[in-house]
Amino acid sequence: EYGLPGLEILGFTTTCGIGNAPDAKNITCVACPVGKFKQEPDNSSCITCPKHTSTLRNRSFFLFECDCLPGYTSPDWSNISVNDNLTRGGASCSSCQGDCFCPGRLAHQTCPAHSTSYPGAASIEDCKCTPGYAGPDGGACSACPPGTYKEANGS
């Protein structure tokens, strides 16, 4: 569907394009699946994204398409130059710290006021109200009414 690996046509050997690799039988070229990429137009295999990262689509071309998975974070990429962009992928993704959530791709997000989360939190719903405050998970936390108290994190 995306080319024929190693076929000779008019004296030229065909190769799979970027984002594509030979199938298991080396008969046709197929798109690299989600979580893999290939940046060279040759008949090599797709490369798996680094630990804690994945691509968002099939037929990814570059390492920088490997973004952090939910629960993991990386530096703010807005200040990275185009040349640096080619090496930004995955290797620097680390577990999201407590009091934050990391939905993936983007840098960490801070939990709402008076709430906390566990390390590796992936969603705002993982932010729970701290002791002395109540509210929905991921929502606004309000102080407990006078004469009442909540000891644990949570709703």
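Asks: Looking at this structure, how should I read the state of the cysteines?
Replies: Two cysteines, two sulfur atoms, one covalent bond between them: this is a disulfide. Considering all chains together, one arrives at 7 disulfides under this definition. Between the sulfur atoms of cysteine 96 and its disulfide partner cysteine 102 the distance amounts to 2.0 Å. Negative torsions about the S-S bond denote left-handed disulfides, and the value of about 75° found for cysteine 96 with cysteine 102 makes this one right-handed. Accessibility assignment for this pair places cysteine 96 and cysteine 102 in one class, buried. Through a disulfide, cysteine 129 is tied to cysteine 141; the S-S separation comes to 2.1 Å.

Asks: What am I meant to see in the packing of aromatic side chains here?
Replies: Here the distance between the centres and the angle between the planes together describe a pair of aromatic rings. All told, the structure shown has 2 aromatic pairs when counted by the stated rule. Look at phenylalanine 61 and phenylalanine 62: their rings are 6.0 Å apart centre to centre, the planes differ by 90°, and that puts the pair in the edge-to-face class. According to the relative accessible area criterion, phenylalanine 62 is partly exposed, its value standing at 26%. Geometrically, the ring pair formed by phenylalanine 62 and phenylalanine 64 is stacked, given 5.4 Å between the ring centres and 10° between the ring planes. For phenylalanine 64, a relative accessible area of 22% puts it in the partly exposed group. One aromatic cluster is present, built from ring pairs that chain together Phe61, Phe62 and Phe64.

Asks: What is the right way to look at unusual backbone geometry in this model?
Replies: Peptide bonds are trans in most cases, and residues, glycine excluded, mostly fall at negative phi. Non-glycine residue arginine 59 carries a positive phi angle of around 60°. With relative accessibility at 28%, the residue arginine 59 sits in the partly exposed group. A positive phi is found at aspartate 99, a non-glycine position, where the angle reads about 70°. Mapping aspartate 99 onto the fold places it in the loop between strand E10 (94-95) and strand E11 (100-101). In this structure aspartate 99 comes out as partly exposed when scored by relative accessible area, which is 41%.

Asks: Looking at this structure, I do not really get the environment of glutamine 97. What am I missing?
Replies: With respect to the element layout, glutamine 97 can be found in the loop between E10 and E11. A C-alpha to C-alpha distance of 8.9 Å links glutamine 97 and glycine 71, two positions 26 residues apart in sequence. Leave out the neighbours within four places in its chain, and glutamine 97 touches Ser117, Tyr118 and Pro119.

Calculation notes
Residues numbered from 1 in each chain as written. Predicted model: local features only at pLDDT ≥ 70, side-chain atom pairs only at ≥ 80, totals over all residues. Heavy atoms only, no water. Disulfide = S-S within 2.5 Å. Buried < 20%, exposed > 50% of the residue type's maximum accessible area, 1.4 Å probe, protein only. Phe/Tyr/Trp six-rings, centres within 6.5 Å; stacked < 30°, edge-to-face > 60°. Helix = DSSP H or I, 4+ residues; strand = E, 2+ residues; numbered from the N terminus. Contact = heavy atoms within 4.5 Å.

Keep in mind these numbers describe shape, not what the thing actually does.
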